[in-house]
Amino acid sequence: MPRAVAVACLRAALPFVLWLAALPAVLLGVASPAGAEILRGHGGPVRAIVEPATPGQLVTGSFDQSVIRWRLPEARAEAVLRGHEDAVAALAALPDGRFVSAGADGRIVVWPVAGTAPERSVAAHKAPVAGLAVSPDGRLVASASWDRTVAVTPIGAGTARVFEGHADNVNGVAFLPDGRAVVSAGYDATLRLWPLGDGEAPSILTLPTPLNAVVVAPDGEIVAAGADGALYVAGASGGSLATRGRLEVMPGPVVALAITVDGSRLAAAGLGGAVVLVDRMARRPVATLVGPGLPVWSLAFARDGRSLFTGGADRLVRRWDAVTGRPVDAIAPNPRDPAAETSTARGAIVFRACRACHGLEADDTNRAGPTLHGLMGRRIATAAGYDYSAALKGMDIVWTPETVARLFEVGPSAYTPGTRMPEQVIADPDDRRALVEWLAEVTR
């Protein structure tokens, strides 16, 4: 895959979100297998998933700049967490139930088990962070960045160590099981082993293709995801990296990779929407998950290894049986927007691009944006239960048909500077008028 194409896919987050928002709802809603959809709430592609050590929780991160903490038994969003000024691209769990996020703003944020305020936020990189990993003892977090560096940052107070050497974007990072070294995977087609001891030189293994992700098994074996559709297996012995094998899993680039806690299974995802389950010891694919045909950007095995969670371009999180590759029965209710779901009114059709972020019910606060219930006549940034940005809280705007129309005429960035809302303009004045009239009716 040409570098320009891959970089465009990964870097052009906002245009990609807008392209998805413009797709007909039927394309995003019914193409997936029955029973596969479980979590709906993000307003953009789901770029990262992790299951914390706290039982019953799942955490997801998205191009919509939010992190959502879910309660799995109820498929309910406990909180929408705001700590980033750009897309969230990576998550990692700490042993005590806390978790860490990072993204396109170059920041690493440590989150508590409960509550919505970050415990720590560190400006770790000068470019987007593409991967995170936590050390076995939970004291350090390693980050891979498009500034071509790897940083190892203390979870508590302390100064990060920065490792330089990659000649292109660093897309993945992982600790070895003993915690004494970090391995990174880059678009320069190299795996690099960085010892954490003083004065120790890194080991470099050059592979035939750019690399998009890396995982490490409990036995120390390293697996990297290639842009050529293959998985590359390597080992670290005596501080040096050596190739152990190659397994072709899909025709296009592998963009996400996950491994079970016991290291027995791998999951590889691609831009074409396929997810392949691999028996690591046997070095063979054992199942292919058939999804909606849109890119899958994130993967995470449940801690018990029985389930696999996937997130992608359709903004949804799905759960699959990690042994058979079949979708698990849905545990989330259908979206509570019957007015938007069934109406043929022009305004309702226009609104369908917005409903991933905004609900219409008074208590619908589990999405990336606030509920629109009672919108007309409401002052900006005052809907209950939503954590607005400081920029919006200081604005003197009351939502009326005129102000809502103006928002979509010039775009959120121009009308409400500092907003976290994805940039979106409705160019057709008839579409704007239809949307405003319909919202005025259904949000009373």
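Residues numbered from 1 in each chain as written. Predicted model: local features only at pLDDT ≥ 70, side-chain atom pairs only at ≥ 80, totals over all residues. Heavy atoms only, no water.

The name recorded for the chain in an unreviewed UniProt entry is C-type cytochrome, from Prosthecodimorpha staleyi.

**Q** What should I look at first to understand the sheet that holds strand β12 (residues 149-154) in this one?
**A** Pairing within the open sheet is antiparallel, and its four strands lie in the order β10-β11-β12-β13. Of all the strands in the sheet, the pair left with one neighbour each is β10 (129-134) and β13 (161-164). The mean inter-strand angle of the sheet, taken between neighbouring strand axes irrespective of direction, is 20 degrees. Pairing between strand β11 (residues 140-145) and β12: five bridges, direction antiparallel. Residue pairing across strands places Leu140 opposite Pro154, the latter belonging to β12. (Pairing = 2+ DSSP bridges. Helix = DSSP H or I, 4+ residues; strand = E, 2+ residues; numbered from the N terminus. Axes fitted to C-alpha atoms, helices over the stretch in contact; angles between N-to-C directions.)

**Q** For this particular structure, what's the right way to read the pairing of strand β15 (residues 181-186)?
**A** Successive residues of a regular strand alternate their side chains across the two faces of the sheet. Within β15, six of the six residues are buried, which leaves the element mostly enclosed by the surrounding structure. Here β15 shows no split at all, with Ala181, Val183 and Ala185 on one side and Val182, Ser184 and Gly186 on the other all buried. Here strand β14 (residues 170-175) runs beside β15; their pairing, made up of five bridges, is antiparallel. In the strand pairing of β15, Gly172 is matched with Ala185. Linkage of β14 to β15, two consecutive antiparallel strands, is achieved through a turn of five residues, within which Gly179 is found at a positive phi near 75 degrees. The pairing of β15 with strand β16 (residues 190-195) spans five bridges and is classified as antiparallel. Paired with Ala185 across the two strands is Leu191, which belongs to β16. Counting the residues between successive antiparallel strands, the hairpin from β15 to β16 contains three residues, one of them, Ala189, with a positive phi of roughly 70 degrees. (Buried < 20%, exposed > 50% of the residue type's maximum accessible area, 1.4 Å probe, protein only.)

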